[in-house]
Amino acid sequence: MKAEHRETCIICEQSKAEGINIYASFICADCEEEIVGTDVQDVKYPFFIRQLKNIWLKQDA
Ligand SMILES: [Zn+2]
């Protein structure tokens, strides 16, 4: 039996097993790849930035 550790991604809010931890937050591998591959001109970019800002806001809590 394989114990799978899952965390909730702050971008897509899905529970994923693979990803990276930034401070106390988690970004899944899919979203990480998407952010890295997203151009600043992309319409999704402001959304990613807004979600990422939540990470830093949490640090003050
Ligand atoms: Zn995600």
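Residues numbered from 1 in each chain as written. Predicted model: local features only at pLDDT ≥ 70, side-chain atom pairs only at ≥ 80, totals over all residues. Heavy atoms only, no water.

1. A short note on the overall build of the chain
No. 1: Of regular secondary structure, the chain possesses two helices and four strands.
No. 2: Going residue by residue from the N terminus, the α and β elements of the chain occur as β-β-β-β-α-α.
No. 3: Overall, the C-alpha framework of the chain stretches about 45 × 30 × 15 Å when taken along its three principal axes.
No. 4: Per-residue burial for the chain yields a buried fraction of 23% across its 61 residues.
No. 5: Long-range contacts, defined here as pairs at least 24 residues apart, represent 27% of the contacts in the chain between residues at least 6 apart.
No. 6: With the model as given, the accessible surface of the chain reaches about 4,800 Å², and the carbon-plus-sulfur share is 52%.
No. 7: Taken together, the 7 basic and 11 acidic charged side chains of the chain have centroids lying 4 Å from each other. (Helix = DSSP H or I, 4+ residues; strand = E, 2+ residues; numbered from the N terminus. Buried < 20%, exposed > 50% of the residue type's maximum accessible area, 1.4 Å probe, protein only. Contact = heavy atoms within 4.5 Å. Areas by Shrake-Rupley, 256 points an atom, 1.4 Å probe, with all protein chains shown as cover. Lys, Arg positive; Asp, Glu negative; His and termini not counted. Charge placed at Lys NZ, Arg CZ, Asp CG, Glu CD.)

2. As for the nonpolar core
No. 1: Core analysis: the largest hydrophobic core is formed by 11 residues, namely Cys 9, Ile 10, Ile 11, Phe 26, Ile 27, Cys 28, Cys 31, Ile 35, Phe 48, Leu 52 and Ile 55.
No. 2: Ignoring sequence-local partners within four residues, the contact set of Ile 55 consists of Ile 10, Ile 22, Tyr 23, Ser 25 and Ile 27. (Core = buried A, V, L, I, M, F, W, Y, C linked by side-chain atoms within 4.5 Å.)

3. Details of the packing of aromatic side chains
No. 1: Inspection of the entire model under this criterion finds one aromatic pair.
No. 2: Residues Phe 47 and Phe 48 carry aromatic rings whose centres are separated by 5.8 Å and whose planes lie at 50 degrees to one another, so their mutual orientation is tilted.
No. 3: Note on Phe 47: relative accessible area 33%, which makes it partly exposed. (Phe/Tyr/Trp six-rings, centres within 6.5 Å; stacked < 30°, edge-to-face > 60°.)

4. Digging into the coordination of the zinc ion
No. 1: Summarising the metal site, the zinc ion is bound by the protein donors Cys 9 (SG), Cys 12 (SG), Cys 28 (SG) and Cys 31 (SG), whose distances to it range over 2.3 Å.
No. 2: Seen from the zinc ion, its four donor atoms lie at angles of 103 to 118 degrees, and the figure they make is tetrahedral.
No. 3: Here the donor residues of the zinc ion are spaced in sequence according to C-x2-C-x15-C-x2-C. Taken as a pair, Cys 9 in the loop between strand 1 (7–8) and strand 2 (15–16) and Cys 28 in strand 4 (residues 25–28) lie far apart in primary sequence, 19 residues in all.
No. 4: The class of Cys 9 is buried, set by a relative accessible area of 1%.
No. 5: Owing to a relative accessible area of 1%, Cys 28 belongs among the buried residues under this scheme. (Donors = N, O, S within 2.8 Å, 3.2 Å for Na, K, Ca; no water. Tetrahedral: all angles 85-135°; square planar, octahedral: opposite > 155°, others 65-115°.)

These results come straight from atomic positions and should not be treated as a statement about function.
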